[in-house]
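What the coordinates show
Chain residues, written in single-letter form:
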Amino acid sequence: MGTETVQHRAAALDDTLLTRRRMVEMAALLSRSIGLVTTLLYGFGIGGIGPADPVPALTGVSLLGALLMAVSCVFSLRGVRAPGSRWYTCLSVLQVALDTVTVVAFVAVTQAHTTQTTWPVLGLPIAIAAIRHQLAGALAAWVVTSVALLSMPLPGGEGLGGICLNIMIALITGAQSSAFQRQLTTLQQVRRELQHQASHDSLTGLPNRAQLAERAERCDGRPLAVLLLDLNGFKQVNDTYGHAAGDVLLHEVGQRLGAVLRDGDLAGRLGGDEFVVLLPEGDAASARLTGERIRAAISQPITISGGAAMTVGVSIGAAFRPAGGTADLDALTAEADAAMYREKHARRAA
């Protein structure tokens, strides 16, 4: 491929999303832990939170709810530790399902066996679903809680009132969460574009000098071969066909360089018709073979708009740094530049 992997940059670009996920899971851990303790106190009639003499059904559903919340807490803990896991979305959906089941079961039993009004608590899983899965998640939780409300023996029009209240909660929280997610996605896209612009040549799409220097720094202490390329005949193309044709030529050269390099090698544009190729772990033999592939690729005719075919050559200079060497990219480029001009002069004198 000849292009540098972008995995390390993708991780940096997704930091905002990963941070948001961690915050969601930490908030879920804290709030669910409070809910777990409160549910147990309620189910056993401790602290005056629930009935002084709870029926067995209430104690049982409280124990079940506490167990389900404990399981969800385990999932949240995993989400805090690995927010980028491929299982994150599945575990998030499962958490919403467990939270919804827990709250619905608790409300159903308390409404049936106590005089307390607990159905407003059904707004909690709706808000949770909105935070995790935006408007679609909020509406799904609203459907489940609405079915539960319709099946409960509520006085007067409380059931219908609860359904109307919860749809407002679903729409408000879901719309806000969806808008935030769209904003986050847009910001991530802008960050990717800005970082690409800062590290790539706008014409060829190849890495620019800054990214080449960054890559060379990561090869400190290791063997490194540097090839400096200068196109032969580029000025004539500009003079004959115009600068637009020259831009087409440079773009095509960039594409051809990427196609002939090995994985791990990196080609970049310095400016004008000068290109640099970095060959980590490269030596004279690998540089020579790479140079031959580059010459063969670039020497092929390039068709521009209007059907005209143009052909250019390339002069290549090479410089090498052995293992443990201290020469940086600037020094190696200067050495390769001198070698390239020696080749140019030798070609002209021949």
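Numbering of residues begins from 1 in every chain and follows the order in which that chain's sequence is written. Residue-level local features of this predicted model are given only where pLDDT is at least 70; pairs of side-chain atoms are given and counted only at 80 or more, and the full residue set underlies all totals for whole chains, interfaces and linings. Each side-chain value is derived from all of the structure's non-hydrogen atoms; neither hydrogens nor water enter the calculation.

What follows deals with the overall build of the protein. For the protein, the helix and strand inventory stands at 11 helices and six strands. This radius of gyration counts C-alpha atoms alone. The globule rule is 2.2 Å times how many residues there are, raised to the power 0.38. For 350 residues, the compact-globule estimate of 2.2 N^0.38 gives 20 Å, and the protein exceeds it by more than 25% at 33 Å. If you line up the protein on its principal axes, its C-alpha atoms span 105 × 50 × 25 Å. Buried, partly exposed and exposed residues are distinguished by accessible area as a fraction of the type maximum, computed with a 1.4 Å probe on protein chains only: under 20%, between the cut-offs, and over 50%, respectively. Expressed as a percentage of the 350 residues in the protein, the buried residues total 44%. In the protein, once contacts between residues fewer than 6 apart in sequence are set aside, the share between residues at least 24 apart is 71%. Neither His nor the chain ends contribute to the count of charged residues, in which Lys and Arg are positive and Asp and Glu negative. Just so you know, the charge point we use is NZ for Lys, CZ for Arg, CG for Asp and CD for Glu. Placing the 28 positive and 28 negative side-chain charges of the protein at their respective mean positions leaves the two points 3 Å apart. In this text, helices come from DSSP runs of H or I with a minimum length of four residues, and strands from runs of E with a minimum of two, each type numbered from the N-terminal end. By the convention used here, residues are in contact when the closest approach between their heavy atoms is within 4.5 Å.

This part is about the packing of aromatic side chains. Stacked, edge-to-face and tilted labels apply to pairs of Phe, Tyr and Trp rings (six-membered ring for Trp) whose centres lie within 6.5 Å, assigned for plane angles under 30 degrees, over 60, and everything in between, in that order. By the definition in use, this model includes one aromatic pair. Look at Tyr42 and Phe106: their rings are 5.1 Å apart centre to centre, the planes differ by 70°, and that puts the pair in the edge-to-face class. Taken together, the residues span a long stretch of sequence, with Tyr42 in helix α2 (residues 15-43) and Phe106 in helix α4 (residues 88-113) at a distance of 64 residues. As far as burial versus exposure is concerned, Tyr42 and Phe106 are alike and both buried.

Our focus in this paragraph is the sheet that holds strand β2 (residues 266-271). In spatial order, the strands read β2-β3-β1-β6; together these four strands make up an open sheet with antiparallel pairing. For this open sheet the edge positions go to β2 and β6 (313-321), each flanked by a neighbour on one side alone. Averaged over all adjacent pairs, the angle separating strand axes in this sheet is 25°, with direction ignored. A strand pair is defined by DSSP finding two or more bridges across the two strands. By the bridge criterion, nine bridges tie strand β1 (residues 224-232) to β6 in an arrangement that is antiparallel. Note that in β6 the partner of Asn232 across the bridge is Gly313. As a rule, the C-alpha atoms of each element are fitted with a line to give its axis, helices using only the stretch in contact, and angles between N-to-C directions run from 0 to 180 degrees. Contacts between helix α10 (residues 284-298) and the sheet are confined to β1, β3 (274-280) and β6, with β6 contributing the most and set at about 165° to the helix.

On to the confidence of the model for the protein, then. Across the protein, pLDDT averages 89, with 95% of residues at or above 70. Across the chain, each position has a pLDDT score giving the predictor's confidence in that residue, from 0 to 100. Taking the mean pLDDT of every element in the protein, the minimum, 41, falls on helix α1 (residues 7-13) and the maximum, 96, on helix α5 (residues 123-151). Of the regions scoring below 50 in pLDDT, residues 1-13 engages in 29 contacts with residues more than four places distant in sequence or in other chains.

It is worth spelling out the environment of Gly317 at this point. Relative to the helices and strands, Gly317 is located in strand β6. The buried category is assigned to Gly317, whose relative accessible area is 0%. Sequence separation of Gly317 and Tyr341 is 24 residues, and the distance between their C-alpha atoms is 7.4 Å. Here Gly317 is in contact with Val226, Leu227, Leu228, Ala336, Ala339 and Met340, once residues within four sequence places are set aside.

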